[in-house]
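Examining the three-dimensional arrangement
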Amino acid sequence: MKNIFTILLLVASLCANAQENTKGKITATIRINQQAAENATAELRKAKDSSLVKISLTDKNGIAEFENIGFGNYIIKITMVNFATQYSSAFNLTAEQAAVQIPAITLQPATTQLSAVTVTSRKPFIQKLSDRIVANVDNSIVSAGSSAMDVLERSPGVNIDQNDNITLRGKSGVIVMVDGKPTPMTGADLANYLKGLPSSAIERIDIITNPSAKYDAAGNSGIIDIRMKKDQRLGVNGTFTTGYGQGVYPKANIGSTFNYRNKKVNIFGNYNYAYRIGLNHLLLDRNFYENGAYNGGDLKDNYSKSPVSSNTARLGMDFFPSKKTIIGFVINGNFNHYTRDNDNSSTVLNTQKQATSTFNSLATNNDHANNSVANINFKHSFDSTGKELTADADYGVYNSKSLTLNATNYYKLDGTPLQPNYILNGDQNGKLTFKTAKVDYVNPLSKGSKWEAGLKTSFVSSDNDAKFFDVSNGTPQNDVNKTNHFLYKEYNNAGYINFHQELKKFDWQVGLRGEQTNMSTEQKMGNLKFDSSYFQLFPSAFVNYKLKEDQTLGLSVSRRIDRPGYSQLNPFLFLIDVTTYATGNTALRPQLTWSYELSYTLKNLNFSVSYSHTKDNQNITLARFKEVFPNIPSADNVTVQIPINLSSSDYVGVSLSTPIKITKWWNMVNNGNIYFEKFHGNFSGTTLNNGKPAADIRTNNTFTFKKGWTAELNASINTGGQYGFMVLDPQWGISTGVQKTVLKNKGTLRFNITDIFWTNLPKAVITYNNYIEKWHAYRESRVANLSFTYRFGNNKVQAARKRTTASEEERQRAQ
């Protein structure tokens, strides 16, 4: 790693020397009533499109300086509190005139009319940018008091099933990041984290459907990046937020951010506490077949109440040894306590679909998840053109402990006992450790081009120890079919290079990423070991052509990979109820995807067509227990959930985004996705070679009134679709909210109701040759929330630095 840094610094130095004769200096003097204007903000912008180049603050003499500026045509924009914005005339910086002195600019006081009017500028909840969709959570009235999971479910193209699995535009394989770092959690742990993370801690959510080679190659359907709030002001400042929500059960949250910044150091942090009682009422109708004839089944009514208390903390510091160098560290901690009471009532049916017996199961969980990640980072900017070197190193430890109880009573139809009760206790402990490091270099060239390159290395180890005891007879006896100890190790090394160029009519980018993976697993019970290694290349290319000033045509292509989540590889046998189990698959292979997208932008209208082909598509399936575990005795009506690889899948989608200004006080943003995914494969004697078209349409309406009042009305509809062997039914929802600024605009009061008619609920049918399951899940999508936010401290700000760290994919895949 030391040699890498040396080489990159040497290359950067050579490039800097080669370009010294293409840069100059600009000086501007700002005055107020013939006096120097100190601390005015001077923005250097390109004259042709007003794009920002560099920002400077005037000194005590009213002088702002811009050094190492590339030759070109510029203007300067001057802003200062209580003064009207001023612009300089356009000017040229050339080799003949490499030092430009701008004539003095005099600021004028803002007019009386302007000072008496409050001008409100709010980003819409949904924004469509050139490379991503942005959900501005901090500006959304409806999102106040919600959890991160709730906000995701209301975001364009995002759907969440009955098991809290996240899909994007109908496709699985989503990478969920927090501040640019994939969270290492998957499955229930990821869902519990998102449910415990209050929306008040989130600034925005970025949805990226076709990432470049700079990102880890994981995620065939794209990336969801949750950006946490960071106070962006100089001096001492921060926010305080509290809220209460009521659905079927109560929810509450409280949190605060703080920030201290001067010329040499920036100390920042936040803390959020959330307590939410969740509901998952799942109805199932299971039907078994033999040679096409109905062979019995059961009806299940699962009512699960799950209180979650979450403590999320973040502390960091940046040091500024010079104007061009930043050295920092960040520590993130998340501490969750999750409990669950699940009441399962089941009615067993015979071949004539008549009830023969019943059984009731009571399942409880008492789970703790303590996750900590430490990061050190370095950034050096060589000049104002964007040439920079960044480096990150992460060390993270995720500890989990779960105590479970599952007690089942069997009854005849008259209510008398049918057979002895079955009671299973579980004690599960898990530890995941990851160490990652990466370095990235960006080097702008002449004529609007640049290249960037980077290296990354990571090591992940997972230790899961599960002990299960049958206590049906009062004395704990080890259940040898469920007790297990599983070890997993993985090494990843990656490197990438990108080249980007902007020309008059079009810009283009090509990139190539290579990743080498070595993994090993060990199952202590039976002494089963497995090793694997592979190397893959992931090319990407992006082209945008400007047809006219307000029309752009774009084309992108990339290859991506989805490695199995660590929990998906875990072969433990988990009891859901006495007829339903879940397990992992150590032979599960990564899925590989080629993605293509054609886009067209006309002013604010965005239209795109996408296609992707996935090989070894990962899919959660249901199978007869005896087919997966033939050596363990079981009844015919016992099923097991297991991840498998299908042969492939093909996806075609059309997306449309249309912001519309209805009136000066009413703005609307509409987003639509129409897609079709066809799956190919075979499992448990069932051949899969079909799909189903689906549409996801959403509208977000914001209303701005006088005296600090604003309102929001959102609606969504999803027509369903198909995911592997599962076909989903349509669902829709409407949410609304109102907001009022108070306390001289330092406070914000929000009230909202989500999913007013309680209709945004998932429902589906899963079909195999020998098994059909129908399910319908009722969750707390309808909640009334009241929240209050207060902002304190200095309001004159320089934007805080955005950070991404080295532990990207690892933090997404871990459990």
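Residues numbered from 1 in each chain as written. Predicted model: local features only at pLDDT ≥ 70, side-chain atom pairs only at ≥ 80, totals over all residues. Heavy atoms only, no water.

So, the pairing of strand S31 (residues 551-562)
Two strands pair when backbone bridges link them, and strand S30 (residues 528-548) and S31 are joined in this way by 8 bridges, in the antiparallel orientation. Looking at S31, one finds that Lys546 is bridged to Thr552. With 12 bridges connecting them, S31 and strand S34 (residues 591-602) associate as antiparallel partners. Counterpart to Thr552 in the pairing with S34 is Thr601. (Pairing = 2+ DSSP bridges. Helix = DSSP H or I, 4+ residues; strand = E, 2+ residues; numbered from the N terminus.)

A few points about the sheet that holds strand S33 (residues 580-583)
The strand order across the open sheet formed by 4 strands is S32-S33-S37-S36, and the pairing between neighbours is mixed. Lying at the two open borders of the sheet, with one neighbouring strand each, are strand S32 (573-577) and strand S36 (618-624). Taken pair by pair, the neighbouring strands of this sheet meet at an average axis angle of 30°, ignoring direction. The sheet contact formed by S36 and strand S37 (residues 639-645) spans 7 bridges and is antiparallel. Each bridged residue has a counterpart across the sheet, and for Leu622 the counterpart in S37 is Gln641. (Axes fitted to C-alpha atoms, helices over the stretch in contact; angles between N-to-C directions.)

Overview of the packing of aromatic side chains
Tallied over the full model, the rule gives 29 aromatic pairs. The interplanar angle of 25° and the centroid separation of 6.2 Å between the aromatic rings of Trp665 and Trp666 together place this pair among those described as stacked. You can call Trp666 partly exposed: its relative accessible area is 25%. Three or more aromatic residues link up through ring pairs in this structure, and these residues are Phe288, Phe683, Phe725, Tyr768 and Tyr771. Directly above the ring of Tyr294 sits Lys353, whose terminal nitrogen or CZ lies 5.0 Å from the centroid. (Phe/Tyr/Trp six-rings, centres within 6.5 Å; stacked < 30°, edge-to-face > 60°. Buried < 20%, exposed > 50% of the residue type's maximum accessible area, 1.4 Å probe, protein only. Lys NZ or Arg CZ within 6 Å of the ring centre and 35° of its normal.)

Remarks on the side chain of Asn302
Along the polypeptide, Asn302 turns up in strand S21 (residues 293-322). Apart from the residues within four sequence positions on either side, Asn302 is in contact with Asn280, His281, Leu282, Leu284, Asn342, Asp343 and Asn344. (Contact = heavy atoms within 4.5 Å.)

A short note on the side chain of Asp367
Tracing the backbone shows Asp367 in strand S23 (residues 355-381). No salt bridge forms around the buried Asp367; measuring N to O, its nearest opposite-charge neighbour Arg340 is 6.7 Å away. Only 3.3 Å separates the side chain of Asp367 from the side chain of Asn365, close enough to count as a polar contact. Engagement of the side chain of Asp367 in a polar contact is seen with the side chain of Ser402, the distance being 2.6 Å. When near neighbours in sequence (up to four residues on either side) are disregarded, Asp367 contacts Asn336, His337, Tyr338, Lys401, Ser402 and Leu403. (Lys, Arg positive; Asp, Glu negative; His and termini not counted. Salt bridge = Lys/Arg side-chain N within 4 Å of Asp/Glu carboxyl O. Polar contact = N/O pair within 3.5 Å; in protein donor to acceptor, adjacent residues only side chain to side chain.)

Details of unusual backbone geometry
Residue Ser684 is not a glycine yet carries a positive backbone phi of 50°. Summarising the element assignment, Ser684 is placed in the loop between strand S39 (666-683) and strand S40 (686-704). Classification of Ser684 by relative accessible area gives partly exposed; the value is 23%. Its identity as a non-glycine residue notwithstanding, Lys707 has a phi of 60°, on the positive side.

Some thoughts on the environment of Phe538
Along the polypeptide, Phe538 turns up in strand S30. The class of Phe538 is buried, set by a relative accessible area of 3%. Here the alpha-carbon distance between Phe538 and Gly511, two residues 27 residues apart in the chain, equals 8.3 Å.

Observations concerning the nonpolar core
Core analysis: the largest hydrophobic core is formed by 48 residues, its most contacted members being Phe625 and Trp775. In terms of residue count, strand S25 (residues 422-444) provides more of this core than any other element does, 4 residues in total. (Core = buried A, V, L, I, M, F, W, Y, C linked by side-chain atoms within 4.5 Å.)

A short note on the pattern of salt bridges
Tallied over the full model, the rule gives 17 salt bridges. Across the pair Asp206 and Arg204 runs a salt bridge, and its minimum N-O distance is 2.9 Å. The residues Asp206 and Arg204 share a single accessibility class, namely buried. A network of salt bridges, in which partner residues are shared, links Arg513, Glu515 and Arg563.

Examining a nonpolar patch on the surface
On the surface, Val543, Tyr545, Leu547, Leu553, Leu555, Leu598, Phe607, Val609, Val654, Leu656 and Ile674 cluster together into a nonpolar patch covering about 850 Å² of accessible area. Of all elements in the fold, only S30, S31, strand S35 (605-615) and strand S38 (648-663) reach the threshold of two or more residues within the nonpolar patch. Examining the composition of the nonpolar patch, we find that 3 residues originate from one element, S30, more than from any other. By the secondary structure assignment, Leu547 is in strand S30. Given the relative accessible area of 37%, Leu547 is considered partly exposed. (Patch = residues over 30% accessible without salt bridge, like charges linked within 9 Å, V, L, I, M, F, W, Y side chains within 5 Å. Areas by Shrake-Rupley, 256 points an atom, 1.4 Å probe, with all protein chains shown as cover.)

Some thoughts on the confidence of the model for the protein
When pLDDT is averaged along the protein, the result is 84; 84% of the residues meet or exceed 70. Contacts from residues 796-800, a stretch scored under 50 in pLDDT, to residues over four places away or in other chains number 16 contacts. (pLDDT = per-residue confidence, 0-100.)

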